[in-house]
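Geometric and topological summary
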Amino acid sequence: MNQFGSLLQLYRARQGMTQQQLADFSAMSVRAIRDLERGRAERPRRDTVRLLAEALRLDEQRREAFERAARPAPAGDRSDDLADLHLMSETREFEYATMLLEALSADSGDGDWAEALNDMAKQHWRLITVDRGVAFLERRLDRV
C-alpha cells in the first residue's frame, strides 16, 4: 500500500463510508476505489483525486495533504508522511446512507418515498442527491 492508498482508506474509514458508498458518492467504481487503496494505481489522475476529495468532504488542509500524497515525492523523501497523517481527526464528521426509492411505494405498506425522506429529515438526515432511483443522504454526527 502506498501513502495515497493509506490516506484514502483512512479518510474513508473516518467518514464511516464503505468502499461502495465512496464509489457511489464519487461516481467511481468499487474496483477503482479498492485498487487505489491497495496501491495498485501508482499515480491517480488529478480528476480522480478531486472527485474523491469532494466525496470525502475534505477541508482545505486535508485536501492539500491528499493531493500531495497522490503525487509521490522523490524516493527517500518521506518528510511529510507523519504530518499528513496527523491531519486526521479522531472523530468522524458525517454518517452516510442510501435509500432505494423504487422499493418504497404506498402499495408495499412502507409508505411512499417522499414520506420516507421526510422521516429521515426529522432524524437530521440531509438529502444530497438522487441518482438512478437511489437517494444519497448524510448527517453530521454531532447532531445525532
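Structure: above.
One numbering rule holds for all chains: residues counted from 1, following each sequence as written. With pLDDT at 70 or above as the cut-off, local features in this predicted model cover only qualifying residues; side-chain atom pairs require 80 or more to be listed or tallied, and sums for whole chains, interfaces and linings still use all residues. Remark: hydrogens and water are excluded; side-chain values derive from all non-hydrogen atoms of the structure.

**Some thoughts on the nonpolar core**
Short version of the rule: We define the nonpolar core as a collection of buried residues of types Ala, Val, Leu, Ile, Met, Phe, Trp, Tyr and Cys that are connected through side-chain atoms lying within 4.5 Å of one another. Three exposure classes are used, based on accessible area relative to the maximum for each residue type with a 1.4 Å probe and protein chains only: buried under 20%, partly exposed in between, and exposed over 50%. Runs of H or I in DSSP of at least four residues are treated as helices and runs of E of at least two as strands, each being numbered from the N terminus.
Membership of the largest hydrophobic core comes to 24 residues, with the highest contact counts inside it found for Phe-4, Leu-8, Tyr-11, Leu-22, Leu-52, Leu-56 and Phe-66. Mapped by element, the contributors of at least two residues to this core are helix H1 (3-14), helix H2 (19-26), helix H3 (30-37), helix H4 (46-55), helix H5 (60-70) and strand E1 (94-100). One finds Ala-97, Ala-116, Leu-117 and Ala-135 within the second-largest nonpolar core, a separate group that totals 9 residues.

**Description of the packing of aromatic side chains**
Cut-off, in case you're wondering: Aromatic rings from Phe, Tyr and Trp, with only the six-membered ring used for Trp, were paired whenever their centres fell within 6.5 Å, and each pair was classed as stacked if the ring planes differed by under 30 degrees, edge-to-face if by over 60, and tilted otherwise.
Within this structure, the stated rule accounts for 3 aromatic pairs. Ring centres of Phe-4 and Phe-66 lie 4.7 Å apart, and the angle between their planes is 40°; on these two criteria the pair is classed as tilted. In this pair, Phe-4 is assigned in helix H1 and Phe-66 in helix H5, connecting sequence segments 62 residues apart. The buried category is assigned to Phe-66, whose relative accessible area is 0%.

**Examining the pattern of salt bridges**
We apply this condition: What makes a salt bridge here is a side-chain nitrogen of Lys or Arg within 4 Å of a carboxyl oxygen of Asp or Glu, nothing more.
This model, assessed by the stated rule, comprises 8 salt bridges. We note a salt bridge from Arg-31 to Asp-35, for which the minimum N-O separation is 3.9 Å. Here Arg-31 and its partner Asp-35 are both found in helix H3, 4 residues apart, which amounts to about one turn of the helix. Judged by relative accessible area, which is 19%, Asp-35 ranks as buried. Residues joined by salt bridges that share partners form a network here, namely Arg-31, Asp-35 and Arg-40.

**Quick word on the environment of Thr-98**
Counted only if it meets this: Note on contacts: a residue pair qualifies if any of its non-hydrogen atoms lie within 4.5 Å across the two residues.
With respect to the helices and strands, the residue Thr-98 is situated in strand E1. Counting along the chain gives 39 residues from Thr-98 to Leu-137, while the straight-line C-alpha distance between them is 6.0 Å. Every residue in contact with Thr-98, bar those within four places of it in the chain, is listed here: Val-134, Ala-135 and Phe-136.

**Here we look at H5**
Here is the rule we go by: Picture the helix axis, draw a direction to every C-beta atom, and the arc is the one those directions span. Under the rule applied, a polar contact is a pair of N or O atoms within 3.5 Å (in protein, one hydrogen donor and one hydrogen acceptor; residues adjacent in sequence only if both atoms are side-chain atoms).
Every buried residue belonging to H5 is among Arg-62, Ala-65, Phe-66, Ala-69 and Ala-70, and all of these are buried. In a view along the axis of H5, the buried residues occupy a sector of 140°, so they form one face of it. Of the residues in H5, the exposed ones pointing more than 90 degrees away from the buried face are Glu-60 and Gln-61. Where H5 begins, the side chain of Asp-59 points an oxygen toward the backbone nitrogen of Gln-61, at a separation of 3.3 Å.

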